[in-house]
Amino acid sequence: MTSREQAMLTNDGKDWYIEDLSDQHSTMIRVSKKTKLQTGDIIALGNRLFEFRD
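Along each chain, residue indices are assigned from 1 in the same order as the chain's sequence is written. This being a predicted model, a pLDDT of at least 70 is required before a residue's local features are given, and a value of 80 or more before pairs of side-chain atoms are given or counted; all residues contribute to the totals for chains, interfaces and linings. Excluding hydrogens and water, the side-chain figures rest on all heavy atoms present in the structure.

**Description of the sheet that holds strand 1 (residues 7-11)**
By definition, two strands form a pair when at least two bridges between them are found by DSSP. To qualify as a helix, a DSSP run of H or I must reach at least 4 residues; to qualify as a strand, a run of E must reach at least 2; elements of each kind are numbered from the N terminus. Taken in spatial order, the three strands make up an open sheet running 1-2-3, and their pairing is antiparallel. Two strands in the sheet have a free side with no partner beyond their single neighbour: strand 1 and strand 3 (35-36).

**Side note on the pattern of salt bridges**
Between Lys or Arg on one side and Asp or Glu on the other, a salt bridge is scored when a side-chain nitrogen of the former is within 4 Å of a carboxyl oxygen of the latter. On inspection of all chains with the given rule, the structure shows two salt bridges. Here Lys36 ties to Asp15 by a salt bridge, and the two come within 3.6 Å at their closest N and O atoms. Remark: Asp15 occurs in the loop between strand 1 and strand 2 (16-20) and Lys36 occurs in strand 3; sequence separation between them is 21 residues. Classification of residues uses two cut-offs on accessible area relative to the type maximum, computed with a 1.4 Å probe and protein chains only: under 20% is buried, over 50% is exposed, and between them is partly exposed. Taking the relative accessible area as the measure of exposure, Lys36 reaches 42% and is therefore partly exposed. Taking relative accessible area as the criterion, Asp15 reaches 16% and is therefore assigned buried. Between Arg53 and Glu51 there is a salt bridge, with the nearest N and O atoms lying 3.8 Å from each other. Accessibility expressed as a relative area gives 64% for Arg53, which makes it exposed.

**Things to note about the environment of Lys34**
Its location among the elements puts Lys34 in the loop between strand 2 and strand 3. When the C-alpha positions of Lys34 and Ile18 are compared, they lie 5.6 Å apart, and in sequence the two are 16 residues distant. Two residues form a contact once any of their heavy atoms are found within 4.5 Å. The contact partners of Lys34, leaving out residues within four places of it in the chain, are Thr10, Tyr17, Ile18 and Glu19.

**Describing the pairing of strand 2**
One ladder, built from five bridges, connects strand 1 with strand 2; its direction is antiparallel. Bridged to Met8 within strand 2 is Glu19. Between strand 1 and strand 2, which pair antiparallel and follow one another directly, the connecting turn spans four residues, one of which, Gly13, has a positive phi of 95 degrees. With two bridges connecting them, strand 2 and strand 3 associate as antiparallel partners.

**With respect to the environment of Asp41**
As for its placement among the helices and strands, Asp41 is situated in the loop between strand 3 and strand 4 (42-45). Residue Asp41 is classed as partly exposed on the basis of its relative accessible area, which comes to 27%. For the pair Asp41 and Glu51, spaced 10 residues apart in sequence, the C-alpha separation works out to 5.7 Å. Beyond its immediate stretch of four places on either side in the chain, Asp41 contacts Lys36, Phe50, Glu51 and Phe52.

The following block contains the structure:
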């Protein structure tokens, strides 16, 4: 990937969110802003897949 930081996961005390930080916007999520995650969402970072579990 092209960036040192690929994505950021944050929690507001209740919900989890993901935000793409990569230079080429190459985090595999089709959004343009911070997005709420739900259990079962699959996140691709580089050549790895992660399943989000709350």
